[in-house]
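Chain by chain, the residues run as shown.
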Amino acid sequence: MPTQVNATDLIAWLKSDSLQSLSSFAGAEQGFNERADVVRAADGTDLNDFWNEVQQTIRIRNQDRTGIIDALTYRVNGISEEVSVPSEVDFEEASEYGQPVGIRGGATRLFRGYDFKFYDLAVRYTWMFIAEADIQQLQQHHNLALEADIKLTFRKVMQRLFNPLNGNGFTDKNEPITVFGAYNADGEVPPKYKQTTFAGSHNHYVTNGNAAIRPQDLDTLATLTEEHGYTLQNGYRTVLWVNKQEADIIKGFRTTNGAKFDFVPNPNTYGGAVWVPNNGTYVGGPTGTVKGEIGTYGPFHVVEEGYIPAGYVASIVTGGQNNFGNPIGIREHSNPAYRGLKVIPGQRSDYPLLDSFYRKGLGTGMRHRGAVAVMQVSAGATYTVPAAYDPAAG
Amino acid sequence: MAKHNTYEPVVFKNSLGETISNDPVFHARRVIEQAESAKVDDSNDELEPNPYADLNGKQLKELAAERGVDISGMKTVGQVREALLAADAAEEETDNQE
């Protein structure tokens, strides 16, 4: 026969100091657990404060573009846009009656498309975990999510950089639109620049035909972008991204060894040593430095970057951080509320930390097809997509 | 014409070793190759061996009697084999309808 307990005694017991009572959740006014009572980490951190911190760091991270991505990209928010490429206009001989031909925008304009997808990642905690976890554990999960966001963006940009195959994007009306790579022999004829004309088979994904990088290979890469008008003289800055394997060889390029230019080390990374050019005279090179630059070679700012696969070098014309002239577009949602990395409270909006989603929507596409050239260091004649950035590899 | 036949489209390889290309000529040739491959498969179907080819006249006659195939008036084993094949096809069609 169970003991009969009246309501008053039951409430008194629940509010007692026993382990099973509600008092283990500090403050349980009138039998209800207030938000501040339960959402508190084991080290005393108020998890509501932490939630605010999460929101603030996300905001900072969205503004703090990583240099390697920003030097390559420009943020867009439409399915497609018109892009101007370097071009020229001509006078024509005047006729007695006619009107002269008009300048149409002063540049060749081409449509470029972008794909777009949403990606998400959930962070779920049980209330017991939160009760026992300290702030560092919670921060670790948050940092992992931030890192995943950077990795996602980086992977998408690098896939667009190294993959020569065109893709498909979709408009709001679900109409397909081509997402281009750099010039890749897809039949599009690049606009004429000065006296240089091109064919629909023009291709910016090449091999050097040799087992190691050579000075003439860099000259070939420079030509591929310069012949479209992306030159130092026209105010463009060209970055050569290389892996350490190729960087170590390029550092040894000298005119005395048959190279067209001397590799000039970046003073900031030269450890205070004195560098003297071979003929004793430094004429000049690209001015300023870009992030990660180890030196210059001819028109190139040479950047050693571990994310570039060994055996590949990429020549990229850049206008700077998130510059309009950057070759790759990162497409974000047309609605500003859906741009950047977002944290969405899960099912329990009162306790967002228990079940929250990180969501990112983005897509990529090449804006300036002639402003990028990729070379595989290989004796073979056919360019092979590096496995690290091949969408076909999953 | 010769110009088109000697044209070599620009191709690449993906990391799986598969040949890929953006060139419309490459894709057109691939479609033609697939069509020709399908054509060869069709012709292979026609060349399937006759299951009654190894039976002699006496065996064919017994088999026809056993299966109730009317071979009266037929003068060659080839005609009997065709009659048996036609009976097979008719049975198969009946089975499919059921």
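What comes next concerns the included structure. (Residues numbered from 1 in each chain as written. Chains lettered and ligands numbered in written order. Predicted model: local features only at pLDDT ≥ 70, side-chain atom pairs only at ≥ 80, totals over all residues. Heavy atoms only, no water.)

Glancing now at the packing of aromatic side chains. Going through the model one piece at a time under the given rule, you end up with 13 aromatic pairs over all chains. Arranged with centres 6.5 Å apart and planes meeting at 70°, the rings of Phe154 of chain A and Tyr389 of chain A form a pair that is edge-to-face. Of this pair, Phe154 of chain A sits in helix 6 (residues 135-162) while Tyr389 of chain A sits in the segment after strand 16 (372-376), and the two are 235 residues apart along the sequence. Classification of Phe154 of chain A by relative accessible area gives buried; the value is 9%. An angle of 15° between the planes, with centres 5.6 Å apart, marks the rings of Phe162 of chain A and Tyr389 of chain A as stacked. Remark: Tyr389 of chain A occurs in the segment after strand 16 and Phe162 of chain A occurs in helix 6; sequence separation between them is 227 residues. An identical accessibility class is assigned to Phe162 of chain A and Tyr389 of chain A; each is buried. Grouped by ring-pair contacts, the aromatic residues Phe154, Phe162, Tyr205, Tyr307, Tyr312, Tyr383 and Tyr389 of chain A together with Phe12 of chain B constitute a single cluster. Residue placement shows Arg112 of chain A over the ring face of Phe180 of chain A; its charged tip is 5.1 Å from the ring centre. (Phe/Tyr/Trp six-rings, centres within 6.5 Å; stacked < 30°, edge-to-face > 60°. Helix = DSSP H or I, 4+ residues; strand = E, 2+ residues; numbered from the N terminus. Buried < 20%, exposed > 50% of the residue type's maximum accessible area, 1.4 Å probe, protein only. Lys NZ or Arg CZ within 6 Å of the ring centre and 35° of its normal.)

Residues and elements named next belong to chain A. Tallied over the full model, the rule gives 10 salt bridges over all chains. Between Asp248 and Lys251 there is a salt bridge, with its nearest N and O atoms 3.8 Å apart. The exposure class assigned to Asp248 is partly exposed, which follows from its relative accessible area of 39%. Exposure remark for Lys251: the relative accessible area of 34% places this residue in the partly exposed category. (Salt bridge = Lys/Arg side-chain N within 4 Å of Asp/Glu carboxyl O.)

Residues and elements named next belong to chain B. Helix 4 (residues 77-97) packs onto helix 3 (residues 57-67) with a crossing angle of 30° between their chain directions and a minimal axis gap of 10 Å. Taken together, the axes of helix 3 and helix 4 lie roughly parallel to each other. Here helix 3 and helix 4 pass one another in a crossing that is left-handed. Here Gly57, Leu60, Leu63, Ala64 and Arg67 of helix 3 come into contact with helix 4, specifically with Val77, Val80, Arg81, Leu84, Ala87, Asp88 and Glu91. (Axes fitted to C-alpha atoms, helices over the stretch in contact; angles between N-to-C directions. Parallel < 35°, antiparallel > 145°, perpendicular 65-115°, else oblique. Left-handed = near helix turned anticlockwise from the far one by under 90°. Contact = heavy atoms within 4.5 Å.)

With that settled, consider the interface of chain B and chain A. Contacts between the two partners involve 13 residues from chain B, matched on the other side by 18 residues from chain A. Contact between chain B and chain A buries roughly 1200 Å² in total, counting both sides, with carbon and sulfur atoms accounting for 64%. In terms of surface lost to chain A, no three residues of chain B exceed Phe12, Ser15 and Asn22 of chain B, which account for 47% of the buried area on that side. The interface formed by chain B and chain A holds 0 salt bridges in total. Between chain B and chain A we count 6 residue pairs in polar contact (both at pLDDT 80 or more) in total. (Buried area = accessible area lost by both parts, 1.4 Å probe. Polar contact = N/O pair within 3.5 Å; in protein donor to acceptor, adjacent residues only side chain to side chain.)

This part covers the pairing of strand 15 (residues 355-366) of chain A. Residue and element names in this part refer to chain A. Across the 12 residues of strand 15, 10 count as buried, placing the element largely inside the fold. In this sheet, strand 15 lies alongside strand 13 (residues 328-331) in antiparallel orientation, the contact comprising 4 bridges. From the neighbouring strand, Arg331 faces strand 15, where its bridge partner is Gly363. (Pairing = 2+ DSSP bridges.)

With that settled, consider the sheet that holds strand 9 (residues 263-265) of chain A. Consider a sheet: its strands pair through backbone hydrogen bonds, and that pairing is either parallel or antiparallel. All names here are of chain A. Read from one edge of the open sheet, 7 strands run 7-16-12-8-11-10-9, paired in mixed fashion. The open sheet has two edge strands with one neighbour each: strand 7 (205-207) and strand 9. Averaged over neighbouring strand pairs, the angle between their axes works out to 25° when direction is ignored. Summarising the sheet, strand 8 (residues 237-242) and strand 12 (residues 312-318) pair through 6 bridges and their orientation is antiparallel. Within strand 12, the residue paired with Arg237 across the bridge is Thr318.

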